[in-house]
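What follows is each chain in one-letter form.
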Amino acid sequence: TVFDGLQNPLRILADKGGLFLERGIYEPPLDREKKWEFQPLENLPEKLTRGDILGTVKEGRFTHEIMVPFSLHGFFTIEKIAPKGAYTVDSIIAT
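Residues numbered from 1 in each chain as written. Predicted model: local features only at pLDDT ≥ 70, side-chain atom pairs only at ≥ 80, totals over all residues. Heavy atoms only, no water.

1. What to know about the overall build of the chain
Okay, so step 1: Broken down by element type, the chain carries 1 helix and 4 strands.
Okay, so step 2: Scanning the chain from its N terminus toward the C terminus, one meets helices and strands in the order α-β-β-β-β.
Okay, so step 3: For the chain, the residues scored as buried account for 17% of the 95 residues in total.
Okay, so step 4: Look at the contacts in the chain between residues 6 or more apart in sequence, and 38% of them connect residues 24 or more apart. (Helix = DSSP H or I, 4+ residues; strand = E, 2+ residues; numbered from the N terminus. Buried < 20%, exposed > 50% of the residue type's maximum accessible area, 1.4 Å probe, protein only. Contact = heavy atoms within 4.5 Å.)

2. Concerning the environment of Leu72
Okay, so step 1: With respect to the helices and strands, the residue Leu72 is situated in the loop between strand 3 (62-67) and strand 4 (85-87).
Okay, so step 2: Sequence separation of Leu72 and Val2 is 70 residues, and the distance between their C-alpha atoms is 32 Å.

3. What to know about the confidence of the model for the chain
Okay, so step 1: In the predicted model, the chain carries a mean pLDDT of 90, and the fraction of residues at 70 or more is 100%.
Okay, so step 2: Of all helices and strands in the chain, the one with the weakest mean pLDDT is helix 1 (residues 10-17) (83), whereas strand 4 scores best (97). (pLDDT = per-residue confidence, 0-100.)

4. Brief notes about the packing of aromatic side chains
Okay, so step 1: Under the criterion given, the structure shown has 1 aromatic pair.
Okay, so step 2: The interplanar angle of 80 degrees and the centroid separation of 6.2 Å between the aromatic rings of Phe38 and Tyr87 together place this pair among those described as edge-to-face. Of the two residues, Phe38 is situated in strand 1 (residues 36-40) and Tyr87 in strand 4; the sequence distance between them amounts to 49 residues.
Okay, so step 3: Phe38 sits in the buried class, given a relative accessible area of 3%.
Okay, so step 4: In this structure, Lys34 packs its charged tip against the face of Trp36, placed 4.2 Å from the ring centre. (Phe/Tyr/Trp six-rings, centres within 6.5 Å; stacked < 30°, edge-to-face > 60°. Lys NZ or Arg CZ within 6 Å of the ring centre and 35° of its normal.)

5. Focus on the sheet that holds strand 3
Okay, so step 1: Sheet architecture is open: 4 strands sit in the order 3-2-1-4, paired in antiparallel fashion. Of all the strands in the sheet, just strand 3 and strand 4 have a single pairing partner and so form its edges. Averaged over all pairs of adjacent strands, the angle between strand axes in this sheet comes to 40 degrees, irrespective of strand direction.
Okay, so step 2: Here 6 bridges tie strand 2 (residues 53-59) to strand 3, and the two strands are oriented antiparallel to one another. (Pairing = 2+ DSSP bridges. Axes fitted to C-alpha atoms, helices over the stretch in contact; angles between N-to-C directions.)

6. Points about the environment of Pro29
Okay, so step 1: Looking at the secondary structure, you find Pro29 in the loop between helix 1 and strand 1.
Okay, so step 2: Take Pro29: its relative accessible area is 25%, and that puts it in the partly exposed class.
Okay, so step 3: C-alpha of Pro29 to C-alpha of Ser91: the two residues are 62 residues apart in sequence and 16 Å apart in space.
Okay, so step 4: In this view, Pro29 contacts Phe3, Gln7 and Pro9; residues no more than four positions away in its chain are not counted.

Right, dumping it as structure tokens:
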């Protein structure tokens, strides 16, 4: 997909509004309906902090690491983590 500098998917925007884009039109950069294969880390530490890896998601030849958000401070204990499976980008994979 081709994106502009704000990660707007240009092809989707052009389909919705034509070739001359109006101000304020926005589309999320990732498809909210598509499911991605999540692989949880097998041996999670007992205490986690921001940036620790929870699992991975493959996208073509790339492997993305799913981490504890950097906006969280302190240490955390995982109560529940999603099993290996397909999830959307809005799915909660850990609490």
